[in-house]
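# Descriptive analysis of the structure
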Amino acid sequence: MNVYEMVAKRGDTPAVALGFFDGFHIGHKKLFEVLDANARGRKKVVFTFKNHPDNLLGFNIKYILTNEERLEFFRNYSIDDVYFIEFNKKIMQMDKDRFIEEILIDKLNVSVVVVGYDFTFGYMAEGDSKYLCEKLHQFGRKCIVIDPVMYQEHIVSSTLIRRLILEGNIKLANCMLGFNFFINGTVKRGNRLGKKIGFPTINIKFDKEKIVPRKGVYITNTIIDDKRYLSITNVGTNPTVSASENIKIETHILSVDKNMYGKRVKIEFIDFVREEKKFSNIDELKNQIAKDVEYVKTLFCKANI
Ligand SMILES: Cc1cc2nc3c(=O)[nH]c(=O)nc-3n(C[C@H](O)[C@H](O)[C@H](O)COP(=O)(O)O)c2cc1C
Ligand SMILES: Nc1ncnc2c1ncn2[C@@H]1O[C@H](COP(=O)(O)OP(=O)(O)OP(=O)(O)O)[C@@H](O)[C@H]1O
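Residues numbered from 1 in each chain as written. Chains lettered and ligands numbered in written order. Predicted model: local features only at pLDDT ≥ 70, side-chain atom pairs only at ≥ 80, totals over all residues. Heavy atoms only, no water.

Here the focus is the site of ligand 2. Close to ligand 2 lie 21 residues, the nearest being Phe21, Gly116, Asp118, Ser158 and Thr159. The side chain of histidine 25 places a nitrogen or oxygen atom 2.8 Å from an oxygen atom of ligand 2. In this structure, an oxygen atom belonging to ligand 2 sits 2.7 Å away from a main-chain N or O atom of glycine 116. For ligand 2, whose accessible area on its own is 590 Å², the fraction buried by protein is 89%. (Near = heavy atom within 4 Å. Polar contact = N/O pair within 3.5 Å; in protein donor to acceptor, adjacent residues only side chain to side chain. Areas by Shrake-Rupley, 256 points an atom, 1.4 Å probe, with all protein chains shown as cover.)

Right, dumping it as structure tokens:
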């Protein structure tokens, strides 16, 4: 897969998907299946941005997927080329017709464009999917709009999934993602208190752009060296033992205790167990963690019957 940071004139007539695609949720997957079905031997191309447009407007959105992870999803869907463009003031002010004529027609020379029902583009988001298709048809190009993909009564969207993750509603977020929400990172050194109280943890150094679930304890899978382990993860500030406001992610892997410093890990979040609490002493914390571990083991066994 080629990744371009600028758009140059193409010599072919590709099939193009438009959107940001944070999370690569079940709505996005549907769109990529339609792109695949309509490419008919043409190159499959994504036009997207490196940074979320809302962040240029000062929103500070944290991402479900880092840029590398988003690109990996495109790669897995056998996309040939990605235009990974920086969303800046110049792009923001581009008029909707200029986007169609200069980018889609003159440069990309699209044969077919696939977008979702709520796609907007151009200065002040003045263009929508209906307008895009009308214009593309005038140029003799195909344009396909995907109907909203739902999960139960909800229209699936990146915004909704981010909200669910921030609320700790991981189960519902995962249903909409179609995979377990994960955080990748490297194992860094903690204070080693975990080992002393009988529950050693790996401390995860993660990308600051990544969205972090609500503070609390979660059932997780930990993937290290291509092996998957059942684990339990605390997201929070460890108020019982620390006064720092920094959010940490710490994972106790059930039945494994070996040195993992420096290793790459993937923590997949499965379900919320309880809120993080400030205990009056370390013994109380230790007793609660023991209960948490028992709870996770029981749940896991039930799910496997
Ligand atoms: C399953 C689990 C639950 C935890 N729950 C809490 C909690 O409710 N409150 C808290 O202050 N710390 C909690 N912690 C964090 C512990 O304080 C932390 O793991 C311990 O201090 C060891 O940290 P260290 O690895 O940096 O030494 C939890 C840790 C785990 C693994
Ligand atoms: N549930 C859905 N069903 C069909 N198409 C969708 C759905 N969600 C997004 N799309 C389409 O996928 C493309 C990428 O959309 P985008 O990155 O804006 O995702 P989003 O989930 O709509 O995000 P946001 O919550 O920020 O609006 C767009 O063309 C959009 O219309």
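A few words on a nonpolar patch on the surface. A cluster of nonpolar residues, Tyr117, Val145, Met150 and Ile155, forms a patch on the protein surface that exposes about 310 Å² of accessible area. If you trace the backbone, isoleucine 155 turns up in strand E10 (residues 154-155). Exposure remark for isoleucine 155: the relative accessible area of 36% places this residue in the partly exposed category. (Patch = residues over 30% accessible without salt bridge, like charges linked within 9 Å, V, L, I, M, F, W, Y side chains within 5 Å. Salt bridge = Lys/Arg side-chain N within 4 Å of Asp/Glu carboxyl O. Helix = DSSP H or I, 4+ residues; strand = E, 2+ residues; numbered from the N terminus. Buried < 20%, exposed > 50% of the residue type's maximum accessible area, 1.4 Å probe, protein only.)

Core analysis: the biggest nonpolar cluster contains 53 residues, and Phe32, Phe74 and Phe181 have the highest contact counts within it. Shared between two domains, this core takes at least three residues from each, and those domains are domain 1 (2-155) and domain 2 (181-304). Residues in contact with phenylalanine 181, not counting those within four places in the same chain, are Ile64, Ile165, Ile170, Asn174, Lys210, Ile211, Pro213, Ile267, Glu268 and Phe269. Ranked by size, the runner-up nonpolar core spans 28 residues in total, among them Met92, Ile105, Val115 and Cys143. (Core = buried A, V, L, I, M, F, W, Y, C linked by side-chain atoms within 4.5 Å. Domains from an automatic or database assignment. Contact = heavy atoms within 4.5 Å.)

Our next topic: the UniProt feature "domain: Riboflavin kinase" (unreviewed entry) in the protein chain. Following the UniProt record, the feature "domain: Riboflavin kinase" (unreviewed entry) maps to residues 176-301 here. The span residues 176-301 shows a helical share of 21% and a strand share of 38%, and its end C-alpha atoms are spaced 25 Å apart. (UniProt positions renumbered as here; feature names shortened; annotations may be inferred.)

With parallel pairing, six strands are arranged side by side in an open sheet as E1-E4-E3-E2-E5-E8. The sheet is open, and its two edges are formed by strand E1 (2-4) and strand E8 (142-146), each paired on a single side. Shown here is a sheet whose adjacent strand axes are inclined to one another by a mean of 20°, direction ignored. (Pairing = 2+ DSSP bridges. Axes fitted to C-alpha atoms, helices over the stretch in contact; angles between N-to-C directions.)

Before going further, it helps to spend a moment on the pattern of salt bridges. Per the counting criterion, the structure on display carries 17 salt bridges. In this structure, arginine 10 and aspartate 12 form a salt bridge, with 2.7 Å as the shortest nitrogen-oxygen distance. Using a relative accessible area of 25% as the deciding quantity, one classes aspartate 12 as partly exposed. The partner of arginine 274 in a salt bridge is aspartate 292, and the shortest N-O contact between them spans 2.8 Å. In this pair, arginine 274 sits in strand E16 (residues 264-274) while aspartate 292 sits in helix H10 (residues 282-304), placing the two residues 18 residues apart along the sequence. A relative accessible area of 5% places aspartate 292 in the buried class. Each of Arg10, Asp12 and Asp81 takes part in one network of salt bridges that share partners.

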